[in-house]
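The lines below spell out each chain.
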Amino acid sequence: MESITDNHNAGLTDGMHLMVDALKVNGVQTIYGVVGIPVTDLARHAQAVGIRYIGFRHEQSAGHAAAITGYLTKKPGICLTVSAPGFLNGLVALAEATVNGFPMIQISGSSDRNIIDLQQGDYEGLDQMNIAKPFCKAAYRINRPQDISIGVARAIRTALSGRPGGVYLDITTEMLSTTMDAADAQASLFTPVDPSPVLSPSSTSVNRALKLLSVAKKPLVILGKGAAYAQADEAIREFIEKSGIPFLPMSMAKGLLPDDHPQCAASARSLVLGQADVVMLIGARLNWLLNHGKGKKWNPDAKFIQLDICAEEMDSNRPIDAPLVGDIGVSIDKLICKMEPFEISCCIEWRKQIDEVKNANAGKMRAKLNKPTQPMNYFNSLKIVSDVLKDHKDIYIVNEGANALDNTRNIINMYHPRLRLDTGTWGVMGIGMGYSIGAAVTSGKPVVAIEGDSAFGFSGTDIETICRYKLPVTVIVLNNDGIYRGDGVNLAGGADPSPTSLTPSARYDRIIEAFGGMAYHVTKPIELEEALCAALASGKPSLINCVIDPSAGVESGHIGNLNPHSSIK
Ligand code: OXT
Ligand code: ADP
Ligand code: MG
């Protein structure tokens, strides 16, 4: 389709038109956002030239949609917001994308510098570029239309190169209105060459890692979301299966190899972390999710190999004995090529020890899943969901909550990479609708969002967005009437609900009815099964309000230990 710049006033264009052209020539297919002054026309023009515009109810959800699009496509997702409050609403998603390592660009309309710098009180005036800096990889401002192509190229390269992440791009009202020669504008357009260069680890570092693995008696591979993002799926599977080393998938790395793979050690987590003598981190940080590699969870004598594109990540929490700095795909290929001479034992005894614990834990889990309870709890409800989804192994699972998150992670198996999209490194509530929309729009595939009732509340209004674009998203609200659980008490004995309580017996299904979606309210396993099958078969926006026992759930799910423990009552 012709650029609007060509069709514009003979000989002239302006910043807004050229901004859209620059995004288009860089292959941007979708913009997620909330319009308003000064970006409404930019969204209109983007849509006019064939860039899909998805309009949200809150900028945080639009940002999350952009971030997950970046994670799934390895191209920066684009979030568009108005200035000040719209910019600030997007900031949580920009920061979360940067912490998660998901490439996205938040583009926000902003005020002219002279008014901001003299603090003259502009409409929605805020020093946005400087405010954004701590929350992203870089923040750039485009003050003149002739700088647009460079500004967009820098934002793309920064978002994608090295450890991917969020970038802020500030576009002033004045710049959007400024005209320039149309021919010059066209001539200024370009796309950055090789914006995310593949970095390769040194042969020395590869040999060092293989040598360490060859002396391991109890090796363990930990796969992180960086390994999923790298899209080196075949190489990773070949390395794991050729070496015979057991692997532990972090939550968003589930499905890189199937969760029911014989080498998967997810259901023997404490054993493998506590006894592994050589741990190979592949796209996983030794952060809080792995107890920083310290304490009673870990073998104090463990040696570490770490594959990561970010050199500064090495030694972050424990000394790394064999760092491999480079792209995971290249690193794994090099390890496979050079593996032969190193006798990496298939650790038969170690695998047997793991299998014993796996079987014992599987038995405990089976007992919980098969115990009939009414009202339902997390186990018998998620067993139903797991059984239904076994016939839908290629759909996306979005997941947030505390108990709703931790129990879903362990009960719903994943069989293919990059299909489980959850709260990530920070454990952020509110990713639900944004991730569901981003995944459905990017892939055209169905999504099931398994939500705690509190978690759903953070982005629930964007269920209207899901209905407006008729996306194949089924939201299951595991409704236990509260944050963590629904039977909290007001310690003062007053009439107000406790801090963790939500409306008892709330009917979240009624919300989607308002927007024409399919609504289901279920209290029994059979009803849940029928509703989920019907929702998936319909391919329509659906919400299942799944009643869970208010006493089901524990404070903070699996991470109650992170709460302050005061002896003072
Ligand atoms: O080996 P051992 O014996 O140890 O056993 C382990 C495994 O081997 C075994 N296992 C299995 N056995 C059998 N079969 C299978 N399949 C199996 N799989 C595993 O089980 C155990 C445990 O294994 P697991 O789970 O892998 O291991 P573990 O120790 O848990 O792993 C540690 C972690 C840290 C890696 C893991 O726990 C993890 O990834 N946790 C993520 C925690 C997280 O991020 N939670 C979300 C944040 S909580 C809190 O912040 C919430 N808030 C506050 C808030 C937030 N976050 N954001 C904003 C913007 N505002 C406020 C709020 C408001 S959560 C929340 C809402 C809560 O209410 P909801 O209504 O939404 O949700 P409900 O809780 O449902 O009510
Ligand atoms: P998890 O939470 O699943 O353990 P983290 O987010 O902690 O995963 O770690 C992901 C790591 O992967 C980050 O340190 C990041 O630098 C790294 N990473 C991301 N993409 C690549 C890649 N293509 N090659 C190598 N490392 C990568
Ligand atoms: Mg709840």
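Each value, and the rule that gives it
- Residues numbered from 1 in each chain as written.
- Chains lettered and ligands numbered in written order.
- Predicted model: local features only at pLDDT ≥ 70, side-chain atom pairs only at ≥ 80, totals over all residues.
- Heavy atoms only, no water.
- Near = heavy atom within 4 Å.
- Polar contact = N/O pair within 3.5 Å; in protein donor to acceptor, adjacent residues only side chain to side chain.
- Areas by Shrake-Rupley, 256 points an atom, 1.4 Å probe, with all protein chains shown as cover.
- Helix = DSSP H or I, 4+ residues; strand = E, 2+ residues; numbered from the N terminus.
- Nonpolar A, V, L, I, M, F, W, Y, C, P; charged D, E, K, R; others polar.
- 1 Å grid on protein atoms, 1.4 Å probe; cavity = no way out; pocket = protein on both sides within 12 Å on 5 of 7 lines; lining within 4 Å.
- Points joined across faces, edges and corners; volume = space filled by probe spheres on them.
- Donors = N, O, S within 2.8 Å, 3.2 Å for Na, K, Ca; no water.
- Buried < 20%, exposed > 50% of the residue type's maximum accessible area, 1.4 Å probe, protein only.
- Core = buried A, V, L, I, M, F, W, Y, C linked by side-chain atoms within 4.5 Å.
- Contact = heavy atoms within 4.5 Å.
- Arc of directions from axis to C-beta.
- pLDDT = per-residue confidence, 0-100.
- Pairing = 2+ DSSP bridges.
- Axes fitted to C-alpha atoms, helices over the stretch in contact; angles between N-to-C directions.

Caption draft 1: Representation of the site of ligand 1. Neighbouring ligand 1 are 32 residues, the closest being Ser-270, Tyr-378, Gly-427, Asp-453 and His-558. Within the backbone of Ala-455, one N or O atom sits 2.9 Å away from an oxygen atom of ligand 1. Protein contact buries 78% of the 1,400 Å² of open area that ligand 1 shows by itself. Looking at the shell around ligand 1, the elements that each hand over two or more residues are helix 14 (269–275), helix 16 (348–370), helix 18 (403–411) and helix 20 (453–459). With six residues, the single largest contributor to the shell around ligand 1 is helix 18. When the residues that make up the shell around ligand 1 are grouped by side-chain class, the tally is 15 nonpolar, 13 polar and four charged.

Caption draft 2: The layout of surface pockets, seen in detail. Roughly 370 Å³ of volume is contained in the second largest pocket. Lining of the second largest pocket is provided by 18 residues; of these, Gly-27, Val-28, Gln-29, Lys-75 and Pro-76 occupy positions nearest its centre. If you list the elements that add at least two residues to the lining of the second largest pocket, you get strand 2 (30–33), helix 4 (59–73), strand 4 (77–81), helix 8 (148–160) and helix 19 (432–443). Among the residues making up the lining of the second largest pocket, the classes are represented as nine nonpolar, eight polar and one charged.

Caption draft 3: Layout of the coordination of the magnesium ion (ligand 3). Here the magnesium ion (ligand 3) is held by the protein donor atoms Asp-453 (OD), Asn-480 (OD1) and Gly-482 (O), which lie 2.0 to 2.2 Å from it. Here the donor residues of the magnesium ion (ligand 3) are spaced in sequence according to D-x26-N-x1-G. Here the residue Asp-453 occupies a position in helix 20, and Asn-480 occupies one in the loop between strand 17 (473–479) and helix 22 (509–513), the gap between them amounting to 27 residues. Exposure class is identical for Asp-453 and Asn-480. Each is buried.

Caption draft 4: Molecular detail of the nonpolar core. Core analysis: the largest hydrophobic core is formed by 153 residues, its most contacted members being Leu-223, Ile-236, Ile-305, Ile-332, Leu-335 and Leu-421. Beyond its immediate sequence surroundings of up to four residues, Leu-421 is in contact with Ile-68, Tyr-71, Leu-72, Met-252, Tyr-396, Ile-397, Val-398, Asn-399, Ile-431, Tyr-435 and Ala-439. By size, the runner-up hydrophobic cluster in this structure holds 23 residues, among which are Phe-304, Ile-320, Cys-347 and Trp-350.

Caption draft 5: Structural context of helix 3 (residues 40–48). Considered for burial, the residues of helix 3 that qualify are Leu-42, Ala-43 and Ala-46. In a view along the axis of helix 3, the buried residues occupy a sector of 100°, so they form one face of it. Turned more than 90 degrees off the buried face of helix 3, the exposed positions are Arg-44 and Gln-47. Looking at the buried positions of helix 3, the neighbouring elements they touch are helix 2 (15–25), strand 2, strand 3 (52–55), strand 4, strand 7 (166–172) and helix 9 (173–177). Among the residues trailing helix 3, Gly-50 stands out with phi positive, at a value near 100°.

Caption draft 6: Inspection of the side chain of Ser-110 at higher detail. Positionally, Ser-110 belongs in strand 5 (residues 104–110). Sequence-distant contacts of Ser-110, that is, excluding residues within four places in its chain, are made with Pro-38, Ser-83, Gln-128, Asp-170, Ile-171, Thr-172 and Thr-173.

Caption draft 7: Structural context of the environment of Phe-239. Here Phe-239 lies in helix 13 (residues 233–243). Setting aside anything within four residues of it in sequence, one finds Phe-239 in contact with Leu-213, Val-221, Met-280, Ile-332, Leu-335, Ile-336 and Met-339.

Caption draft 8: Spatial organisation of the confidence of the model for the protein chain. Overall, the prediction assigns the protein chain a mean pLDDT of 96, with 98% of residues at 70 or greater. Of the regions scoring below 50 in pLDDT, residues 1–7 engages in 19 contacts with residues more than four places distant in sequence or in other chains.

Caption draft 9: Region of interest: the sheet that holds strand 19 (residues 542–547). Strands sit in the order 15-14-16-17-19-18 across an open sheet of six strands; the sheet is parallel. Unpaired on one side and paired on the other, strand 15 (420–422) and strand 18 (518–522) mark the two borders of the sheet. Strand-to-strand, the axes of this sheet are offset by a mean angle of 15°, without reference to chain direction. The pairing of strand 17 with strand 19 spans six bridges and is parallel. Within the sheet, the bridge partner assigned to Thr-474 lies in strand 19 and is Ser-542. Contacts from helix 17 (residues 378–389) reach strand 14 (396–400), strand 16 (447–452), strand 17 and strand 19 within the one sheet, and its direction differs from that of strand 17 by about 165°. Contacting strand 16, strand 17, strand 18 and strand 19, helix 23 (residues 525–538) runs over the sheet at an angle of about 165° to strand 18.

Caption draft 10: Geometry of the site of ligand 2. Around ligand 2, the surrounding shell holds 19 residues, and the nearest of these are Arg-163, Lys-225, Arg-285, Asp-308 and Ile-328. Contact distances for ligand 2 include 2.7 Å between an oxygen atom and a backbone N or O atom of Lys-225. Here Gly-283 contributes a backbone N or O atom positioned 3.4 Å from an oxygen atom of ligand 2. Surface burial for ligand 2 is 97%, taken as the share of its 580 Å² of free accessible area covered by protein chains. Top element by residues in the shell around ligand 2 is helix 12 (residues 225–229). It accounts for three residues. Here the residues of the shell around ligand 2 are counted per class, giving eight nonpolar, six polar and five charged.

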